Amino acid sequence: LIGDPGLACGVAACLAIGVMFKLRCLHPPSGAVALTAILGGEGVKQLGYAFVWSPVLLNSVLMALLAIVFNNLLGRRYPHALAPAEVKPQPVPLEVPISRADLHQALLDGEFLDIDEDDLQALLQRAEQLAQQRHRAGA
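Residues numbered from 1 in each chain as written. Predicted model: local features only at pLDDT ≥ 70, side-chain atom pairs only at ≥ 80, totals over all residues. Heavy atoms only, no water.

Participant: I keep staring at the overall build of the protein and nothing clicks. Help me out?
Facilitator: Helix and strand counts for the protein come out as six helices and zero strands. Listing each helix as α and each strand as β along the protein from the N terminus yields α-α-α-α-α-α. With 139 residues in all, the protein has 14% of them scored as buried. Contacts spanning at least 24 positions in sequence make up 39% of the contacts within the protein whose residues lie at least 6 apart. If you sum the accessible surface of the protein, you get close to 10900 Å²; carbon and sulfur atoms cover 67% of it. (Helix = DSSP H or I, 4+ residues; strand = E, 2+ residues; numbered from the N terminus. Buried < 20%, exposed > 50% of the residue type's maximum accessible area, 1.4 Å probe, protein only. Contact = heavy atoms within 4.5 Å. Areas by Shrake-Rupley, 256 points an atom, 1.4 Å probe, with all protein chains shown as cover.)

Okay, structure coming up:
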């Protein structure tokens, strides 16, 4: 739709990042796929929208399967199981406690991370445990 490849690349990358930003799932290789669709040459042009199915979707499925096999061979669960809704980490004990709403707002205000409030709270609790252990040990 855009004749100038440089401008088309900018618009494609911007749209891809904008959609990922809105869906809160930033993934840099997806921006590269948008650029490949423009700069991929005649081969990609001949594929048309089939480029989305093969190689993009096919390779994505194969990489996900490889990740599942690899992690299972190492004894790790992938993808991670979702925690039951009633199992929530306790608030981090501070002079002014950080609530789930605070974590949610901080995630919305800051850089986009592929992490949710529960994971962030668990990370903060673990860091606090380590700090308390270090403090007790006199380090």
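Participant: Which parts of the structure should I look at to understand the environment of A12?
Facilitator: Inspection of the secondary structure assignment puts A12 in helix α1 (residues 5–23). A residue is classified by how much of its surface remains accessible, and A12, at 18% relative accessible area, is buried. When the C-alpha positions of A12 and I38 are compared, they lie 8.3 Å apart, and in sequence the two are 26 residues distant. In contact with A12, not counting residues within four places along its chain, are A34 and I38.

Participant: Just to check I follow, could you spell out the side chain of N71 for this structure?
Facilitator: Within the element layout of this structure, N71 appears in helix α4 (residues 50–73). The buried category is assigned to N71, whose relative accessible area is 13%. Of the polar contacts made by the side chain of N71, one reaches the backbone oxygen of A67; its length is 2.8 Å. With sequence-adjacent residues up to four places away left out, N71 is seen in contact with R76 and Y78. (Polar contact = N/O pair within 3.5 Å; in protein donor to acceptor, adjacent residues only side chain to side chain.)

Participant: Hey, could you run me through α1 in this one?
Facilitator: Two residues of an α-helix separated by three or four positions point the same way, owing to the 3.6 residues in each turn. For α1, which comprises 19 residues, the first-to-last C-alpha distance of 27 Å matches the rise-based estimate of 27 Å (1.5 Å per residue) to within 8%. Every buried residue belonging to α1 is among A8, C9, A12, A13, A16 and M20, and all of these are buried. Projected down its long axis, α1 shows its buried positions confined to an angular sector of 125°, all on one face. The exposed residues of α1 that point more than 90 degrees off its buried face are C14, L15 and K22. In the core, the buried residues of α1 are packed alongside α2 (28–39). Within two residues after α1, R24 carries a phi angle of roughly 55°, on the positive side. (Expected span 1.5 Å × (residues − 1). Arc of directions from axis to C-beta.)

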